[in-house]
Amino acid sequence: MAVIRTRNVDLKVNGDGAFAFLAEPDDNARHPGMVLIQEWWGIEPHIRDLAQKLAADGFVVAVPDLFHGKIATEPNDAQKMSMMIRGNVDRAAREIIGALETVKAMPNVDPKKLGLMGFCVGGFMTYVVASRYPDLGAVVPFYGAGYDPTPEEVAKVNAPVLAFYGSRDDSVPTKQIQKIERMYKEAGKDITAKVYDAGHAFINPSHGMGNEKAAAKAWPLAVNFLKEKLK
């Protein structure tokens, strides 16, 4: 496995307290930049592990901490904390865009090669930010529940989208997946939706929700998509 560096970086948005976990290859080369958005648990070990995996694959990865240091361990707490994001989408979007701008300005990042990936509530925010930030080269939302875009929002998405869902995920009905895909394609956007025989959060082996078989297919596909679009 490649050698990587990790650290926290301040994000100059929304006052004090906004920061991101950063994972980057330990070399002098320039790399594509990535922002990875947390699940409703916060920046737990699983999310840090994914960031480090992406860094080992040659990306500079920032994970903005939308909970500002807090981590949920129980579903009820996670739901309350994620509702804070959904209740103030603009604030969360500013911090995610702040992370994108921070990565973009780094000397070891090619500013024309930026990607965005998110999980759960982070998948929802991935879609939201994709319509607000024009400089993306690839967008990868995982099980983004609650995303119901307007045609105007879809029209503002410039980057190709590879979206992942579980067929047994009650939070994202099949009809909604089909609606999103149809709206994007009718608007001439590049979108592919992959649906696996799995429930919600199938990439995450913690909390009893992971699906190893689906994860083994989806994760390499996501990484290859990012490499192809950001090469």
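Before reading on, note that the structure itself is shown above.
Worth saying up front: this structure is predicted, and the values here are computed from it rather than measured.

Focus: helix H2 (residues 75–87)
Part 1 of the reasoning: Taking 1.5 Å per residue as the helical rise, H2 with its 13 residues ought to reach 18 Å, and the 18 Å between its terminal C-alpha atoms agrees with that figure.
Part 2 of the reasoning: Regarding H2, the residues found buried are Ala78, Met81, Ser82 and Ile85. For H2, the angular spread of buried residues about the axis comes to 100°, placing them on one side. Along H2, exposed side chains directed more than 90 degrees from the buried face belong to Asn76, Lys80, Met84 and Gly87.
Part 3 of the reasoning: Packed against the buried residues of H2 are helix H3 (89–104) and helix H4 (121–130).

Section: the sheet that holds strand S6 (residues 138–142)
Part 1 of the reasoning: The strand order S1-S2-S4-S3-S5-S6-S7-S8 describes an open sheet built from 8 strands, whose pairing is mixed. Two strands lie at the open edges of the sheet, namely strand S1 (4–10) and strand S8 (191–196), each paired on one side alone. Each neighbouring strand pair of the sheet contributes to a mean axis angle of 20°, computed without reference to strand direction.
Part 2 of the reasoning: In terms of strand pairing, S1 meets strand S2 (residues 19–25) through 7 bridges, oriented antiparallel. Each bridged residue has a counterpart across the sheet, and for Ile4 the counterpart in S2 is Pro25.
Part 3 of the reasoning: Contacts from H4 reach strand S3 (31–37), strand S5 (109–119), S6, strand S7 (161–166) and S8, with the element oriented near 140° to S5.

So, the packing of aromatic side chains
Part 1 of the reasoning: Scanning the model with the defined rule gives 11 aromatic pairs in all.
Part 2 of the reasoning: With 4.7 Å between their ring centres and 20° between their planes, Phe119 and Phe142 make a pair best called stacked. Of this pair, Phe119 sits in strand S5 while Phe142 sits in strand S6, and the two are 23 residues apart along the sequence. Phe142 shares its class with Phe119; the two are buried.
Part 3 of the reasoning: Ring geometry for Phe164 versus Tyr196: centroids 6.2 Å apart, planes at 15°, classification stacked. With a gap of 32 residues between them, Phe164 in strand S7 and Tyr196 in strand S8 connect regions that are remote in the sequence. Take Phe164 and Tyr196: they sit in the same class, and that class is buried.
Part 4 of the reasoning: Stacked on the ring of Phe21, the Lys or Arg Arg48 has its end atom at 4.5 Å from the ring centre.

About the thresholds
- Within every chain, residues take consecutive numbers counted from 1 along the sequence as written.
- Thresholds applied to this predicted model are a pLDDT of at least 70 for local features of residues and 80 or more for the giving and counting of side-chain atom pairs; totals over whole chains, interfaces and linings are not thresholded and use all residues.
- Excluded from the side-chain calculations are hydrogens and water; all other atoms, namely the structure's heavy atoms, are used.
- Secondary structure elements follow DSSP: runs of H or I of four or more residues count as helices, runs of E of two or more count as strands, with numbering from the N terminus.
- Working rule for helices: expected span equals 1.5 Å times residues minus one.
- Relative accessible area decides the class of each residue, using a 1.4 Å probe on protein chains only: under 20% of the type maximum gives buried, over 50% gives exposed, and in between gives partly exposed.
- It is the directions from the helix axis to the C-beta atoms whose arc is reported.
- The contact criterion used throughout is that any non-hydrogen atoms of two residues lie within 4.5 Å.
- Pairing between two strands is assigned when DSSP locates at least 2 bridges connecting them.
- Working convention: axes come from line fits to C-alpha atoms, limited for helices to the stretch in contact. Angles between N-to-C directions cover 0 to 180 degrees.
- Side-chain rings of Phe, Tyr and Trp, where Trp is taken by its six-membered ring, are said to pair if the distance between their centres is within 6.5 Å; with planes under 30 degrees apart they count as stacked, over 60 as edge-to-face, and otherwise as tilted.
- Counting as a charge over the ring demands two things of the Lys NZ or Arg CZ atom: a distance within 6 Å of the ring centre and an angle within 35 degrees of the ring normal.

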